[in-house]
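Observations on the three-dimensional arrangement
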Amino acid sequence: MAKTALKVGDQAPDFQLLDPSGKVVALKDFKGQKVVIYFYPKAGTPGCTIEAGEFRDLRAKFAEQDVAVLGVSADAPKLLAGFTAKQKLNFTLLSDPQHQMIEAYGAWRMKKFMGRSFMGIVRSSYLIGRDGKIAQVWDHVKAKGHAAEVCDALS
């Protein structure tokens, strides 16, 4: 069952997920660093391509502030590898096909589209502070302009 989204001040749930190359990436790998985690429904779809491209284009600004960017979906690592290459992404995408991390962060919820309801990934993002706690939450975001909104909130 999906849990509610995390709130500012909550401890960020740890995770161990595969990146496109099959390497395990964990939250502890970013200890002492700020991390933006954004959840998106499906690699290669129009909205997700726009959002990923905007995070790619702003990557230098995130790096200037020592902020790592991670994108998370239920897509398999092989699909993420193709998406990363095609879009020339310069940050890490993570695969969560069992929805464990997605559910832990509260991004797996009931959605409505064209009159039907179904469980899916709600486009949302979290800023994790250097202390490992949730510093900011963006819920039900629009793909276009979201990366800039996150970047602006860092300064």
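Look a little higher up for the structure.
Residues numbered from 1 in each chain as written. Predicted model: local features only at pLDDT ≥ 70, side-chain atom pairs only at ≥ 80, totals over all residues. Heavy atoms only, no water.

1. Things to note about the pattern of salt bridges
Keep this limit in mind: Salt bridge, as applied in this entry: a Lys or Arg side-chain nitrogen positioned within 4 Å of an Asp or Glu carboxyl oxygen. Helix and strand assignments follow DSSP, with helices taken as H or I runs no shorter than four residues and strands as E runs no shorter than two, numbered in order from the N terminus. Throughout, exposure labels follow a simple rule: accessible area from a 1.4 Å probe, protein chains only, divided by the maximum for the residue type, with under 20% read as buried, over 50% as exposed, and the rest as partly exposed.
Applying the stated criterion across every chain yields a total of 5 salt bridges. Measuring nitrogen to oxygen at the nearest pair gives 3.2 Å for the salt bridge that ties Asp 75 to Lys 42. Placement of Asp 75 in the loop between β4 (67–73) and α3 (77–87) and of Lys 42 in the loop between β3 (34–39) and α1 (46–57) is noted, with a sequence separation of 33 residues between them. On the basis of relative accessible area, Asp 75 is assigned to the buried category, the value being 5%.

2. Examining the layout of surface pockets
Applied cut-off: Using only the protein atoms, space was sampled on a 1 Å grid; points where a 1.4 Å probe fits but cannot get out form cavities, open sets with protein on both sides within 12 Å along at least five of seven lines form pockets, and lining residues are those with an atom within 4 Å of a point. Grid points are joined across faces, edges and corners, and a volume is the space filled by probe spheres set on the points. All residues other than Ala, Val, Leu, Ile, Met, Phe, Trp, Tyr, Cys, Pro, Asp, Glu, Lys and Arg, Gly among them, are scored as polar; the first ten of these are nonpolar and the last four charged.
Considering only enclosed or pocket space, the largest pocket measures out at about 290 Å³ in volume. In terms of lining residues, the largest pocket is bounded by Pro 41, Met 110, Lys 111, Lys 112, Phe 113, Phe 118, Gly 120, Ile 121, Val 122, Arg 123, His 140 and Val 141. Elements with a contribution of two residues or more to the lining of the largest pocket: β6 (108–113) and β7 (116–121). Each residue belonging to the lining of the largest pocket can be placed in one class, and the counts come to 7 nonpolar, 2 polar and 3 charged.

3. Looking at unusual backbone geometry
Although it is not a glycine, Asp 66 adopts a positive phi angle of roughly 55°. Inspection of the secondary structure assignment puts Asp 66 in the loop between α2 (59–64) and β4. Asp 66 sits in the partly exposed class, given a relative accessible area of 36%. Look at His 140: it is not a glycine, yet its phi comes out positive at around 50°. Note that His 140 resides in the loop between β9 (134–138) and α5 (146–154). Residue His 140 is classed as exposed on the basis of its relative accessible area of 54%.

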